[in-house]
Amino acid sequence: MSIPKLSDEKYREVVAAYEKKTPKSKLLNLESRKYIVPMGAPAYMIWHRPYPLFIDNAKGSKLYDVDGNEYIDMFIDQGISYIGHKAPAIRKAIDKALDKYGFHLEMCAELATKWAQKVMQHYPSIKKIKIVNSGNEATELVCQIARAFTGKTKIIKFAGHHHGWNGVLSYDALAAGSGTLFTLGIPNNHWDNLINLPPNDIGIVEKALIDNRDQVAAVVLEPLGASTGGKPLIEGFQKQLRELTTKYNVLLVFDEVATGFRVAIGGAQQVLGVTPDLTCLGKPAGGGIPMGAVGGREDVMSVVGALDPKAEHFGPLFPMGSFCAHPLAMAAGIAFIEELEKGDYIQNSIDRASDLAKGINEITARLKMDVSAHAIYSIVHFGLNGKFDMSQVIEVFEFDLMIRLGLLLGNPGVVVLPGHVYMSGVMTEKDIQKSLAAFETAFKIYK
Ligand SMILES: Cc1ncc(COP(=O)(O)O)c(C=O)c1O
């Protein structure tokens, strides 16, 4: 079987139906494109053809567009609005912080300490933290910390693992084999310090560590595999990496920006039982307000600002940032973690993801389509007969776009991210039933 394709005529039909349903989004998109480059704001939905939805408001598991259409949100801001849009507990915490501190406060406030305590309660590997503004900043910073601590320059990452768009780790970050696609702004010799290895082969990692002896500062990975587990790591690989990095005196970094507070409250490291030296956090950790963080071993983290009292502020690293530890992010983040502690959001999202994957596989089997879904904790990934290599990337993206367009046409529509679906902790069984009906309609467009 091959990747299903739409005829030009069918494509025009689907686009016409979408234009009829979303005329105001169409106009707002035309206006926006006069001023903002395509990836300008926001980054992801702008990929949607013929144009993205423009949203008027959001609540719980739902989005409402400017034309008044309702959507079940399976994008949830890439997992950020994990306990639902405008979650009351988070909103209350933000209001309180706003009353106290105003819109921003580049001064010390107790909130950051409380947020850090909360994180450490659930991530025993983290003994000290540096707070930044995004996941991308966290993954860039973690490499600087590893280099400053070890005095070595090379970083090992894995093919297809995504760590943001920064100049340290964005090589081969779209999918395995994508190489320098989308990184023309970064000089090629920059990658001399990056070793990009195929995942799941511990022998190859050991060879790289031997060939580059005393040059590798850290091994960085998405701990469940590329695309937040869309390309899973084989069981035991993370433990083998832990042993190997210890043996060769190299730091092990888990990028838990997407997995933290999602696969378990203590992230992938909790479910895997593997303790990294350093961890990157982000996405929902600020309760929906932008933030990121790097935390880990006390000795390693001490390079961020010297501990020598005579030179208190002059560490080997000096990562400034006007918005770091923004009080609203700290307040929202604390409220978010406290909600996770109280509620059964994580288990609910995992159960709903499993229901969705099962339902999709039943539909595609019935329709005899070469499309499958698999749930990794609360994220559902799509595959085309298990394939997703770069030789097929255009066709896969084309297919994926059409499915996403078809899903938006449902009533209610369903919003998903390219290639995968993020389940929120407030998704109900009824939401899943309605979504499956929309998936069936979307798949049938290909029949
Ligand atoms: C694993 C991982 N690391 C880092 C990032 C970058 O985070 P941000 O978008 O907050 O810059 C992402 C974003 O998708 C991610 O999934």
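Here the structure is a predicted model, which means the values were calculated and not measured.

A. View of the overall build of the protein. When helices and strands are counted, the protein shows 15 helices and 15 strands. Its C-alpha atoms give the protein a radius of gyration of 22 Å, within 12% of the compact-globule value 22 Å for 447 residues. Across its three principal axes, the protein shows a C-alpha extent of roughly 70 × 55 × 45 Å. Buried residues in the protein amount to 46% of all 447 residues. Of the contacts made within the protein by residues no fewer than 6 positions apart, 74% connect residues no fewer than 24 positions apart.

B. Examining the site of the ligand more closely. In the vicinity of the ligand, 14 residues are found, and the nearest of them are Ser134, Gly135, Asn136, Gly164 and Val257. Per-element tally for the shell around the ligand: the top contributor is helix α6 (residues 135-150), with three residues. For the shell around the ligand, the residue count by class is two nonpolar, ten polar and two charged.

C. Focus on the sheet that holds strand β11 (residues 292-296). If you walk across this open sheet you meet the seven strands as β4-β11-β10-β9-β7-β5-β6, and the pairing is mixed. The open sheet is flanked by β4 (128-132) and β6 (194-197), the only strands paired with a single partner. Direction aside, the axes of adjacent strands within the sheet are offset by 20° on average. Here helix α9 (residues 237-247) sits on the sheet and contacts β7 (216-221) and β9 (251-255); the angle it forms with β9, its principal contact strand, is near 145°.

D. Seen up close, the packing of helix α4 (residues 88-101) against helix α12 (residues 327-342). Direction vectors running N to C along α4 and α12 enclose 150°, while the axes themselves pass 8 Å from each other. When the axes of α4 and α12 are compared, the pair comes out roughly antiparallel. As for how α4 packs across α12, the hand of that crossing is right-handed. Here Ala89, Ile90, Ala93, Ile94, Lys96, Ala97, Leu98 and Tyr101 of α4 come into contact with α12, specifically with Pro327, Leu328, Ala331, Ala332, Ile334, Ala335, Phe336 and Glu339.

E. Representation of the domain arrangement of the protein within the structure. Split into domains, the protein comes out as domain 1 (8-85 + 348-444) and domain 2 (88-342). On a C-alpha basis, the centroid separation for the pair domain 1 and domain 2 is 28 Å. Counting residues at the interface gives 17 residues for domain 1 and 17 residues for domain 2. Along the lines of polarity and charge, the residues of the side of domain 1 that touches domain 2 split into nine nonpolar, seven polar and one charged.

F. Examining the packing of helix α13 (residues 345-366) against helix α15 (residues 429-444) more closely. The contact between α13 and α15 brings their axes to 10 Å, and the two run at 30°. One way to sum up the angle between α13 and α15 is to call them roughly parallel. Crossing hand, α13 versus α15: right-handed. For the pair α13 and α15, the contacting residues are Arg352, Asp355, Leu356, Gly359, Ile360, Ile363 and Thr364 in the first and Glu429, Ile432, Ser435, Leu436, Phe439, Glu440 and Phe443 in the second. Per-class residue counts for the contact of α13 with α15 are seven nonpolar, three polar and four charged.

G. The arrangement of the sheet that holds strand β2 (residues 62-65) in detail. In space, the four strands of this open sheet follow the order β1-β2-β3-β14, with mixed pairing throughout. Among the strands making up the open sheet, the edge pair consists of β1 (55-59) and β14 (413-415). Within the sheet, the average angular offset between the axes of one strand and its neighbour, ignoring direction, is 30°. Of the strand pairs in this sheet, β2 and strand β3 (residues 70-73) are connected by three bridges, and their pairing is antiparallel. Note that in β3 the partner of tyrosine 64 across the bridge is glutamate 70.

H. Region of the structure containing the pairing of β4. Summarising burial for β4: four of the five residues are buried, a large majority. Across five bridges, β4 lies against β11 in antiparallel orientation. In the strand pairing of β11, lysine 128 is matched with glycine 296.

I. Representation of the nonpolar core. Ranked by size, the top nonpolar core spans 119 residues in total, and within it Val142, Ile145, Ala146, Ala218 and Val253 carry the most contacts. Tallying contributions element by element places α12 first for this core, with ten residues. Built from parts of two domains, this core gets at least three residues from each of domain 1 (8-85 + 348-444) and domain 2 (88-342).

J. Up close: unusual backbone geometry. Between asparagine 411 and the following residue, proline 412, the backbone shows a cis peptide bond with an omega angle of 0°. Here proline 412 lies in the loop between α14 (393-408) and β14. A positive phi angle is found at aspartate 77, which is not glycine, with a value near 55°. Of note, aspartate 77 is situated in helix α3 (residues 76-79). Residue class for aspartate 77 comes out partly exposed when judged on the 19 C-beta atoms lying within 10 Å of it. One non-glycine residue, lysine 283, adopts positive backbone phi at about 40°. Here lysine 283 lies in the loop between β10 (278-281) and β11.

K. The pairing of β11, seen in detail. Summarising burial for β11: five of the five residues are buried, a large majority. On β11, burial covers both faces: Gly292, Val294 and Gly296 on one face and Ala293 and Gly295 on the other are all buried. Pairing geometry for β10 and β11, over four bridges, is antiparallel. If you follow leucine 278 over to β11, its bridge partner there is glycine 296.

L. Focus on the environment of valine 426. Along the chain, valine 426 turns up in the loop between β15 (420-422) and α15. Using a count of 22 C-beta atoms within 10 Å as the deciding quantity, one classes valine 426 as buried. Residues valine 426 and isoleucine 346, spaced 80 residues apart in sequence, show a C-alpha to C-alpha distance of 9.3 Å. In this structure valine 426 touches Gly60, Ser61, Ile83 and Gly84, once residues within four positions along its chain are discounted.

Rules behind the numbers
Residues numbered from 1 in each chain as written. Predicted model: local features only at pLDDT ≥ 70, side-chain atom pairs only at ≥ 80, totals over all residues. Helix = DSSP H or I, 4+ residues; strand = E, 2+ residues; numbered from the N terminus. Rg over C-alpha atoms; globule rule 2.2 N^0.38 Å. Buried ≥ 20, exposed ≤ 12 C-beta atoms within 10 Å, placed from the backbone. Contact = placed C-beta atoms within 7 Å. Near = placed C-beta within 6 Å. Nonpolar A, V, L, I, M, F, W, Y, C, P; charged D, E, K, R; others polar. Pairing = 2+ DSSP bridges. Axes fitted to C-alpha atoms, helices over the stretch in contact; angles between N-to-C directions. Parallel < 35°, antiparallel > 145°, perpendicular 65-115°, else oblique. Left-handed = near helix turned anticlockwise from the far one by under 90°. Domains from an automatic or database assignment. Core = buried A, V, L, I, M, F, W, Y, C linked by C-beta atoms within 7 Å.

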